Amino acid sequence: MQTKQTETFIKSFNINEETLAIFKRAANAPIENRKEIIDDIGLLTKSSGMSLALIALFRQQVGCGFVLADPLLANKDVPEREFQDPQINIAFRLQRNPYREMRRNHGLLIERGIIDGAVDTAGLVNRDAGGKACYLCKENIDLQNPKEILIKLNLGGAQYYAGANFAFITDNHFTVMNASHVPQHYRKGTIEAMMDFVDITAGVFKAIYNGLAGASIKDHEHLQVTTEDFPVENIAAGPARPVFENKDIKVLNPDYYLPVWIVEGLDKAKTNNAVHNIISLWINLNPDFHTINIITSKGVESGVFRAFIFLRDKRKLGGKGKRGAMATFEAGGNIILTCLHKEHANNHLNENLTLENANLPAITQMLKDISPDNASCKRFAEAIDFSG
Ligand SMILES: [Zn+2]
């Protein structure tokens, strides 16, 4: 896990003694001090910006036991292997993460105090066809997640809440959920919310979105955000010139094992427009099956907004060696394996073996497995037009 030690990280913010004291007070507070924590988060946001406030909140949520383990200490539980791909300058990562599987174990979550087992479930709202109440509605979180603290954000003209991801993949991993119970359907507001998030966190956080390829909760719109880099962010642009470039935006389509389109620009609205055009074109080519994964970032020093758009097809969700769908983390070069059960070796896939036997060709094959068919990608590339 590529965790930056929090102390070093905090130093990079260049904060004064008083702010540091507030950070420590919030980060070390017991959950019983909920009101004081929220006040301190507000003070940190005002003095040093949203990113420091969110990092303080994440430390608090780790300390009070809401997050299943401390990402800064969890390395031995989360074995990771790295594979260099010198041709495209990417260091792919494979991670076996036990917490991802725990998030589906309702009994264990009750035992760990993440879910209150004694709650009157009659008060829960927005149930799915199976009767399970939505995990991302604030009403339900307030009722059944006694240790969770949500921070209200205004992104892309809509209200969202950020809450620490208790089954974290990376350090400072949050879920950012729409304040309304609206489905996970890409719309222009999605990219606007993502870019607003990397903007208000001054590039310290990245934002990702799983279209209907990898999102495990499809009934409630949400993003994920983290302070860690995605391997694909280092991709070498290759010999090819940008597909399109004017004074405001640059569009690249570098060689990768899965079709990826990159849009870069200093002007947020113009960058968003170009991203939205690309995504709409892909989806409209085959609305029944085409979907996307997105990663957005903002250069801490350059201020350049970047979006990585991965073209996906709902019929090609799985990669050989991994259970379940490949999602944005995987598309971005960070493959998360979860299945730990030896007994699964016979009738299911044992992902321990995937980790043990991994090599660069196996990883690149997983990305090729989820690539949409060549004909569609070609039609898309031919249809792309930025002249309007
Ligand atoms: Zn909901």
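Cut-offs and rules
- Residues numbered from 1 in each chain as written.
- Predicted model: local features only at pLDDT ≥ 70, side-chain atom pairs only at ≥ 80, totals over all residues.
- Pairing = 2+ DSSP bridges.
- Helix = DSSP H or I, 4+ residues; strand = E, 2+ residues; numbered from the N terminus.
- Axes fitted to C-alpha atoms, helices over the stretch in contact; angles between N-to-C directions.
- Parallel < 35°, antiparallel > 145°, perpendicular 65-115°, else oblique.
- Left-handed = near helix turned anticlockwise from the far one by under 90°.
- Contact = placed C-beta atoms within 7 Å.
- Nonpolar A, V, L, I, M, F, W, Y, C, P; charged D, E, K, R; others polar.
- Domains from an automatic or database assignment.
- Core = buried A, V, L, I, M, F, W, Y, C linked by C-beta atoms within 7 Å.
- Buried ≥ 20, exposed ≤ 12 C-beta atoms within 10 Å, placed from the backbone.
- Expected span 1.5 Å × (residues − 1).
- Arc of directions from axis to C-beta.

**Examining the sheet that holds strand S2 (residues 90-96)**
Sheets are built from strands that pair by backbone hydrogen bonding, the pairs being arranged parallel or antiparallel. If you walk across this open sheet you meet the three strands as S1-S2-S13, and the pairing is mixed. For this open sheet the edge positions go to strand S1 (80-85) and strand S13 (334-337), each flanked by a neighbour on one side alone. Sheet twist, expressed as the mean angle between neighbouring strand axes with direction ignored, is 15 degrees. Strand direction decides the pairing type here: S2 and S13, joined by four bridges, are parallel. Directly across from Arg96, in S13, lies its bridge partner Leu337.

**Things to note about the packing of helix H8 (residues 188-200) against helix H9 (residues 268-285)**
Two elements in contact, H8 and H9, have axes whose closest approach is 10 Å; the angle formed by their N-to-C orientations is 140 degrees. Judged on the interaxial angle alone, H9 and H8 are oblique. Relative to H9, H8 is oriented so that their crossing is right-handed. Note on element contacts: H9 touches H8 through Lys268, Thr271, Asn272, Val275 and His276, opposite Lys188, Ile191, Glu192, Met195 and Asp199. Here the contact of H8 with H9 is built from residues that sort into three nonpolar, three polar and four charged.

**Observations regarding the domain arrangement of the chain**
Split by domain assignment, the chain resolves into domain 1 (1-64) and domain 2 (73-383). Computed from C-alpha coordinates alone, the two centres of domain 1 and domain 2 are separated by 25 Å. Contacts between the two partners involve 17 residues from domain 1 and, on the opposite side, 20 residues from domain 2. Of all the secondary structure elements, the ones that give two or more residues to the side of domain 1 that touches domain 2 are helix H3 (34-48) and helix H4 (50-63). The greatest single-element share of the side of domain 1 that touches domain 2, amounting to seven residues, is contributed by H4. Its residues assigned to classes, the side of domain 1 that touches domain 2 shows eleven nonpolar, five polar and one charged.

**Some words on the nonpolar core**
Ala56, Met194, Phe197, Ile294 and Ile309 are the most contacted members of the largest nonpolar core, which has 97 residues in total. Top element by residues in this core is H4. It accounts for nine residues. Apart from residues no more than four positions distant in its own chain, Ile309 is found in contact with Val260, Trp261, Val275, Ile278, Ile279, Ile292 and Ile294.

**What about H4?**
With 14 residues, H4 should cover 20 Å at 1.5 Å per step; its first-to-last C-alpha distance of 20 Å lies within 8% of that length. H4 sits mainly inside the fold: 13 of its 14 residues count as buried. Phi turns positive one or two residues past the end of H4, at Gly65, with a value near 90 degrees.

**So, H9**
For H9, with 18 residues, the first-to-last C-alpha span of 26 Å sits near the 26 Å given by 1.5 Å per residue. Within H9, the full set of buried residues consists of Thr271, Asn272, Ala274, Val275, Ile278, Ile279 and Trp282. In a view along the axis of H9, the buried residues occupy a sector of 165 degrees, so they form one face of it. Turned more than 90 degrees away from the buried face of H9, the exposed residues are Ala269 and Asn284.

**Describing the pairing of strand S5 (residues 174-178)**
Counting buried positions along S5 gives five out of five residues, so the element sits mostly inside the fold. The pairing of strand S4 (residues 158-164) with S5 spans five bridges and is antiparallel. Directly across from Gly163, in S5, lies its bridge partner Thr175.

**Looking at the sheet that holds strand S12 (residues 305-313)**
Overall, antiparallel pairing links the ten strands, which are arranged S3-S4-S5-S7-S6-S11-S12-S10-S9-S8 in an open sheet. What marks the edges here is a single partner per strand, and that holds for strand S3 (151-155) and strand S8 (244-245). One ladder, built from six bridges, connects strand S10 (residues 260-265) with S12; its direction is antiparallel. Along S12, the bridge assignment pairs Trp261 with Ile309. Lying on the sheet, H8 is in contact with S3, S4, S5, strand S6 (206-210), strand S7 (222-226), strand S11 (290-298) and S12; it crosses S11 at an angle near 20 degrees.

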